Amino acid sequence: QVQLVESGGGLVQPGGSLRLSCAASGSIFSIRTMLWYRQAPGKEREFVAHISNGGSTNYADSVKGRFTISRDNGKKTLYLQMNSLKPDDTAVYYCNAFISTMPAQAARQYWGQGTQVTVSS
C-alpha cells in the first residue's frame, strides 16, 4: 500500500510564501516522476510543476519564476516552495507520483489527498 500525504498548506497574504511537502510511504521500490497539481473552486485540476527522478524540472507558465519544485529521494519527499503568492494561486494542491512497488514493475500513478492553499488579505 502506497500513500502520499501533503502538508504545509494554509492561509497567507498576497506576496507571502508557503512550502508544501508530500511524503511518500508504504511498499515503495522506486519513485519516478513527481508532480504538483492544483484545483481552484469551479475549475479543472491543472498542472503546476514536475520533477524527474534525475532532478529535471518543468513549470506551468503561471507559476514560473515564483514556485520551485524539489525532492529528497532519501526521504521520499516532494516539496513546492511558493513565493510571491497571488490570490489566483488559491486552490487545493495535490501531489502526484509514479511509483513502482516491485523491481521490473511498471510505475503506477498515485495521488495525495490535497492540501488547501488560500491567498487572501
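So, here is what we can say about the structure in this document. (Residues numbered from 1 in each chain as written. Predicted model: local features only at pLDDT ≥ 70, side-chain atom pairs only at ≥ 80, totals over all residues. Heavy atoms only, no water.)

So, on to the environment of Asn53. As for its position among the elements, Asn53 is in the loop between strand S5 (46–51) and strand S6 (57–59). Between the C-alpha atoms of Asn53 and Arg71, which are 18 residues apart in sequence, the distance is 8.5 Å. For Asn53, the contacting residues outside a window of four places in its chain are Ile31, Arg32, Arg71 and Asn73. (Helix = DSSP H or I, 4+ residues; strand = E, 2+ residues; numbered from the N terminus. Contact = heavy atoms within 4.5 Å.)

Reading across the sheet, the four strands line up as S1-S3-S8-S7 and stay open at both edges, with antiparallel pairing between neighbours. Two strands bound the open sheet, and with one partner strand each, they are strand S1 (2–7) and strand S7 (67–72). Going across the sheet, the axis of each strand differs from the next one's by a mean of 15°, ignoring polarity. Summarising the sheet, strand S3 (residues 18–26) and strand S8 (residues 77–82) pair through six bridges and their orientation is antiparallel. Following the sheet pairing, Arg19 is matched in S8 by Gln81. (Pairing = 2+ DSSP bridges. Axes fitted to C-alpha atoms, helices over the stretch in contact; angles between N-to-C directions.)

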